[in-house]
Every structure is written in C-alpha cells, then in structure tokens.
Amino acid sequence: MEQVVAKRYASALFEVAEKESKVKEYYEELKKAVEILQMDAVWKIFVNKSIDKTKKMGFVEEVLEGFSKEIVNFIKVVISKHRENIIKDIVKEFEALYKDYFNIMDVKVISAYPLKEEVLNQVREKLEKRYNKKVNPIPVVDKEILGGLKLVIGNTVIDGSIKARLEALLKNMRQAV
C-alpha cells in the first residue's frame with residue numbers, strides 16, 4: 001500500500017517537473033532535501049507524529065532554506081497528509097521515473113576484487129551499445145565468485161564468473177558419468 005502511495009506522490013511531482021522542464025533539477029534537489037531530512041536530529045522531528053504539522057512545516061522551511069519553493073511545498077504536502085514515513089520511498093519512485101525518462105539503466109558489476117575505472121568504462125560502453133541506454137555501473141566486490149564478472153541488470157543475471165564456470169563443468173562431469 002505504501003509503495004502505491006509513494007508512486008502517486010512521485011508521479012505527481014514528476015509531472016510538475018516535466019511540465020516545467022526541470023526534471024533533473026527536481027531530482028537532484030529532492031535527493032539533497034531528503035538527505036538533510038534523514039540526518040538523525042532532523043529525522044526524529046520530521047517523523048514525530050506528536051509534533052503539530054504546522055510547526056513541522058515551519059521547521060522544514062527553516063531546515064531547507066535555499067531550496068526551491070516547489071520542493072519545499074511538496075514536502076509540506078507530504079507532511080500535511082501525514083506521509084513523512086514514506087518520503088524515502090517517494091524519492092526511490094521519483095528516481096525510477098527519472099532514470100526511465102533519461103534512459104538510464106543501473107547495472108551491478110560483481111567481481112572478486114575492486115575493478116579499475118578503465119574496466120568499468122569498458123563494461124559500460126559494451127552494455128550501452130547492446131541495450132542502447134546510458135549505463136550506470138555499480139561495482140560490487142564478492143570474493144566468492146573467485147574471478148570473472150557477474151552482471152545484474154534488473155531481474156537478469158549474466159554470470160561470467162569462474163565459480164559459475166566451475167559449477168557448470170562439475171555438473172557436466174556428473175552427467176557424463
């Protein structure tokens with residue numbers, strides 16, 4: 001239920017951002033605003049249900065001084081509807097809309113050891129050609145794969161790890177016997 005509500009709020013803000021041709025600006029500002037709201041002392045006040053929403057809105061205006069009125073007003077709407085607890089989900093949903101709008105795809109690049117920037121760039125280039133999208137590689141280290149690479153693209157896994165190759169070889173040997 002909360003994800004559906006978060007999607008609605010994100011979609012509404014995204015529509016406004018799109019109409020004003022400020023999708024990137026809204027995305028960056030919303031992320032920064034929520035980072036500030038997530039700071040321990042601020043977060044405790046932001047999600048505290050016993051604090052009057054009018055006082056909370058005033059607090060948010062002070063904390064987010066310098067931010068655009070659209071982002072501050074959006075967060076005030078979230079407060080007025082008592083949806084503070086889903087603000088992180090709203091940002092995730094907005095981010096998904098942003099990435100779809102700009103044709104960006106996240107790819108987890110799993111390796112046994114940290115990869116050099118040039119290797120990540122090669123992976124990015126190959127995937128961008130293959131999928132015709134901008135690729136955002138997210139490097140992850142997992143010593144259990146032994147070597148090679150494992151790519152996770154949404155729900156798809158491309159496993160070129162040594163561990164996967166050894167397991168396939170072992171399975172083939174068992175079937176041959």
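Residues numbered from 1 in each chain as written. Predicted model: local features only at pLDDT ≥ 70, side-chain atom pairs only at ≥ 80, totals over all residues. Heavy atoms only, no water.

### Description of the packing of helix 4 (residues 53-63) against helix 5 (residues 69-80)
In helix packing, the relevant descriptors are the interaxial angle and the interaxial distance, both defined with respect to the helix axes. At a minimum axis separation of 10 Å, helix 4 and helix 5 run at an interaxial angle of 155°. Relative to helix 5, helix 4 is oriented roughly antiparallel. When you trace helix 4 past helix 5, the crossing you get is right-handed. Contact residues: Lys-53, Lys-56, Met-57, Val-60 and Glu-61 in helix 4; Val-72, Ile-75, Lys-76, Ile-79 and Ser-80 in helix 5. Split into classes, the residues belonging to the contact of helix 4 with helix 5 amount to 5 nonpolar, 1 polar and 4 charged. (Axes fitted to C-alpha atoms, helices over the stretch in contact; angles between N-to-C directions. Helix = DSSP H or I, 4+ residues; strand = E, 2+ residues; numbered from the N terminus. Parallel < 35°, antiparallel > 145°, perpendicular 65-115°, else oblique. Left-handed = near helix turned anticlockwise from the far one by under 90°. Contact = heavy atoms within 4.5 Å. Nonpolar A, V, L, I, M, F, W, Y, C, P; charged D, E, K, R; others polar.)

### Observations concerning the pattern of salt bridges
Under the definition given, this model contains 6 salt bridges. Between Glu-84 and Lys-56 there is a salt bridge, and its shortest N-O distance comes to 2.8 Å. On the criterion of sequence distance, the pair formed by Glu-84 in the loop between helix 5 and helix 6 (87-101) and Lys-56 in helix 4 is long-range, its members being 28 residues apart. Residue Glu-84 shares its accessibility class with Lys-56, and that shared class is buried. The residue Lys-99 makes a salt bridge to Asp-106 at a minimum N-O spacing of 2.3 Å. (Salt bridge = Lys/Arg side-chain N within 4 Å of Asp/Glu carboxyl O. Buried < 20%, exposed > 50% of the residue type's maximum accessible area, 1.4 Å probe, protein only.)

### So, the packing of helix 2 (residues 23-37) against helix 5
Close contact between helix 2 and helix 5 brings their axes to 10 Å; oriented N to C, the two are set at 50°. As far as their axial angle goes, helix 5 and helix 2 are oblique. Here the hand of the crossing between helix 2 and helix 5 comes out right-handed. For the pair helix 2 and helix 5, contact is made by Tyr-26, Glu-29, Leu-30, Ala-33 and Leu-37 and by Glu-70, Ile-71, Phe-74 and Ile-75, respectively. In terms of residue class, the contact of helix 2 with helix 5 is made up of 7 nonpolar, no polar and 2 charged.

### Focus: a nonpolar patch on the surface
A surface patch of nonpolar side chains, amounting to about 470 Å² of accessible area, comprises Leu-146, Ile-162, Leu-166, Leu-169 and Met-173. Its location among the elements puts Leu-166 in helix 8 (residues 162-176). In this structure Leu-166 comes out as partly exposed when scored by relative accessible area, which is 46%. (Patch = residues over 30% accessible without salt bridge, like charges linked within 9 Å, V, L, I, M, F, W, Y side chains within 5 Å. Areas by Shrake-Rupley, 256 points an atom, 1.4 Å probe, with all protein chains shown as cover.)

### A short note on the side chain of Glu-84
Taking relative accessible area as the criterion, Glu-84 reaches 4% and is therefore assigned buried. Here Lys-56 takes part through its side chain, which lies 2.8 Å from a polar atom of the side chain of Glu-84. With residues up to four places along the chain from it excluded, the contact list for Glu-84 reads Trp-43, Phe-46, Val-47, Lys-56, Val-78 and Ile-79. (Polar contact = N/O pair within 3.5 Å; in protein donor to acceptor, adjacent residues only side chain to side chain.)

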